[in-house]
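Below, each chain spelled out in residue letters.
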Amino acid sequence: MELQYWIWIAVGLSFTLYITIAIITRASSTGEFYIAGKGVPPIANGMATAADWMSAASFISMAGIISFNGYDGSVYLMGWTGGYVLLALLLAPYLRKFGKFTVPDFIGDRYYSNVARGVAVFCALIVSFTYIAGQMRGVGVVFSRYLEVDITTGVLIGMLIVLFYAVLGGMKGITYTQVAQYCVLIFAFMLPAIFISLMVTGNVIPQIGFGSAGSDGVYLLDKLDGLHRELGFHEYTSGKKSTLDVFFITAALMVGTAGLPHVIVRFFTVKKVSDARKSAGWALLFIAILYTTAPAVAVFSRTNLIETVSNKAHASLPQWFEKWEATGLISYEDKNQDGLVQYVADPQINELKVDADIMVLANPEIADLPNWIIAIMAAGALAAALSTAAGLLLVISSSVSHDLIKKMIKPDVSEKEELIAARLSAVGAVMLAAYFGINPPGFVAATVALAFGLAAASFFPAIVMGIFSKKMNKEGAVAGMVVGILLMLFYMTKFKFGWFGGGSEKDWWFGISPEGFGSFAMLVNFVVSITISKFTPAPDSDIQKLVENIRKPDDD
Amino acid sequence: MNRVNNYWKTNLKYLVILLIIWFTVSFGFGILLADSLNKIQMGGFKLGFWFAQQGAIYVFVILIFVYIYLMNRLDQKFKNQK
């Protein structure tokens, strides 16, 4: 059967499934809308968290990025998994014990001030908006690639679907659609990976496969290092980033993960404190399945690419090359007119440009897999993008309806009105996100990675000190958050958009890139908070009791 | 009050130990010591590279499940003391 039909069937079926789930599980109260009525079982919550967490970028781009950066790609692998250890050990159980609806709820109550709450809402909105704009764009790109519609139509279709199930279902609906989306996306990612591992190394398990030898008896990684040296690239298994920068970027991604509101809020949805810990364990296990496979896919496809194209006649290349050339993701320019493909590090001689996304997208064709598998990958990529967008949407809508309207502007709002406000703000947020998805401002791509820096610089210290220090007060926490997020915004706009005089790599402070600067801004946040709290009055005994209470286990 | 204090202190002790392991496998083996560990070969993997792209992630998963086990045990003990 034609590929296009398979894709419409796979996407159509998966969307029907999501919408059916949303109708069955629709939310009828604010508790269900914000936190699924605190009734989600830990394994389901683990899957939902994993789907929420893994975006279109994890699904499509990450393996490709690792493929082109080798060891340096490790920052994403460790950074986007290690944060769950921090979540499980330092945040999730205590925030669940606290038992309210949102992250600004905790900051506002723990630091007994609406100023702190307001700052937290501001940070949550900035972080979530930078992130969701990239997701809507991702939805558009996936649609346009697989369904052959233009990106604008793609964004609009994606917007309608998300709107439907997020507005109707709230957190409860989102949670169970995310469980389904996780199953679709992990199946879609693993199937081609397993086939390719079998093809290249004869091993079914990709994680072991990429450490074994190919048919010629040479270890795959040794061969790849050799190919890289020959062509002038840096060695695959060692990086070219400085050790300090790798350290700071990894830390920023880990701490940022633990500080992202749409991830934290997932742990509010379980029944009890011990379930919050269990969910974090399941979530990381489900994420690790994809994250340990991605570096294997990266090695397989990198080796495959070099061996297929390097110094081969352009006319003799396999069919997939031509197909992806048509999309513009691969481009070839015969600079020396010899008809061969020179793929080398030196930009003067290099004749081949390859987009990182191709490493995952072209996999099924490289491995010669049937059309229905490509269709499932399309459904998987859409599942990844939609699930993340929906989770972010909910954070934005609850920040507006709960934190701003209910807690700050109009405390006497009725439950019914608040639920309407929550739904309306979800509609508003999705329209704004769709607008940015269709007209992406130049900064979207740059800021998605930086959302982690912003979360690390603002939320993480305030929440951790709110739990582990009884003496931390509102003056310290507010000053820390404000200084942290402003410093991060300053550094990011200076070096990414050229504001405040701009600057190049050699002007970086201590050689830390903007991606890694979140760790530095986080340290500044800690120092500012602690210093200021020493010179200002300690919190009341009520607050200290609250802290004691969240440290105790359930029902005590 | 003593009972609550003990519970919290034991929890903190678990946290410190587990976070030291967390730091060692990722920032230690995977980053700071990666170059030296890369001289050791494990099958087709250089060890530092393996920790950075595989090993650290496996250890992360194990750490969380160990913490779940330890805390469930501690919660039970805490309940029995009542």
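Structure first, text after, so check above.
For clarity, every value in this text was computed on a predicted model and none was experimentally measured. (Residues numbered from 1 in each chain as written. Chains lettered and ligands numbered in written order. Predicted model: local features only at pLDDT ≥ 70, side-chain atom pairs only at ≥ 80, totals over all residues.)

Participant: Just checking my understanding: could you explain the overall build of chain A for this structure?
Facilitator: Helices and strands together make up the secondary structure of chain A, namely 22 helices and two strands. Over its C-alpha trace chain A gives a radius of gyration of 24 Å, about what one expects of a compact globule, namely 24 Å for 556 residues. Expressed as a percentage of its 556 residues, the buried residues of chain A come to 55%. Nonlocal contacts in chain A, meaning residues at least 24 apart in sequence, comprise 81% of its contacts between residues at least 6 apart. (Helix = DSSP H or I, 4+ residues; strand = E, 2+ residues; numbered from the N terminus. Rg over C-alpha atoms; globule rule 2.2 N^0.38 Å. Buried ≥ 20, exposed ≤ 12 C-beta atoms within 10 Å, placed from the backbone. Contact = placed C-beta atoms within 7 Å.)

Participant: Looking at this structure, I do not really get the interface of chain A and chain B. What am I missing?
Facilitator: Each partner contributes residues to the interface: chain A has 38 residues there, and chain B has 34 residues. Going through the elements one at a time, helix 5 (74-98), helix 10 (220-231), helix 11 (243-259) and helix 13 (273-309) of chain A are the ones with two or more residues in the side of chain A that touches chain B. In terms of residue count, helix 13 of chain A provides more of the side of chain A that touches chain B than any other element does, eleven residues in total. A breakdown of the residues in the side of chain A that touches chain B according to their chemical character gives 20 nonpolar, 13 polar and five charged. (Nonpolar A, V, L, I, M, F, W, Y, C, P; charged D, E, K, R; others polar.)

Participant: Quick question: what am I supposed to make of the nonpolar core here?
Facilitator: Note on soluble globular proteins: their nonpolar side chains tend to be buried together. Formed by 207 residues in total, the largest nonpolar core has its most connected members in A:Leu185, A:Ala378, A:Leu393, B:Phe60 and B:Ile64. Discounting chain neighbours no more than four positions away, the residues touching A:Leu393 are A:Ile132, A:Val162, A:Ala166, A:Ala426, A:Ala429 and A:Val430. (Core = buried A, V, L, I, M, F, W, Y, C linked by C-beta atoms within 7 Å.)

Participant: Mind showing me how you'd approach helix 10 of chain A here?
Facilitator: Because each turn of an α-helix spans 3.6 residues, side chains separated by three or four positions end up pointing in the same direction. Taking 1.5 Å as the rise per residue, helix 10 of chain A with twelve residues should run 16 Å; its terminal C-alpha atoms sit 17 Å apart, in good agreement. Regarding helix 10 of chain A, the residues found buried are A:Leu220, A:Leu221, A:Leu224 and A:Asp225. What you see down the axis of helix 10 of chain A is that its buried residues fit within an arc of 135 degrees, all on one side. Within helix 10 of chain A, the exposed residues directed more than 90 degrees away from the buried face are A:Arg229 and A:Glu230. On its buried face, helix 10 of chain A is in contact with helix 8 (151-201) and helix 13 of chain A together with strand 2 (45-46) of chain B. Looking one or two places after helix 10 of chain A, you find A:Gly232, whose phi comes out positive at around 90 degrees. (Expected span 1.5 Å × (residues − 1). Arc of directions from axis to C-beta.)

Participant: Please clarify how unusual backbone geometry should be interpreted in this entry.
Facilitator: In most cases, non-glycine residues show a negative phi, while peptide bonds are predominantly trans. All names here are of chain A. Here the phi dihedral of Ala36 falls at roughly 55 degrees; this positive angle occurs in a residue that is not glycine. The class of Ala36 is buried, set by 26 C-beta atoms lying within 10 Å. Notably, Phe500 is not glycine yet its phi reads approximately 45 degrees, a positive angle. Within the fold, Phe500 resides in the loop between helix 20 (474-497) and helix 21 (517-534).

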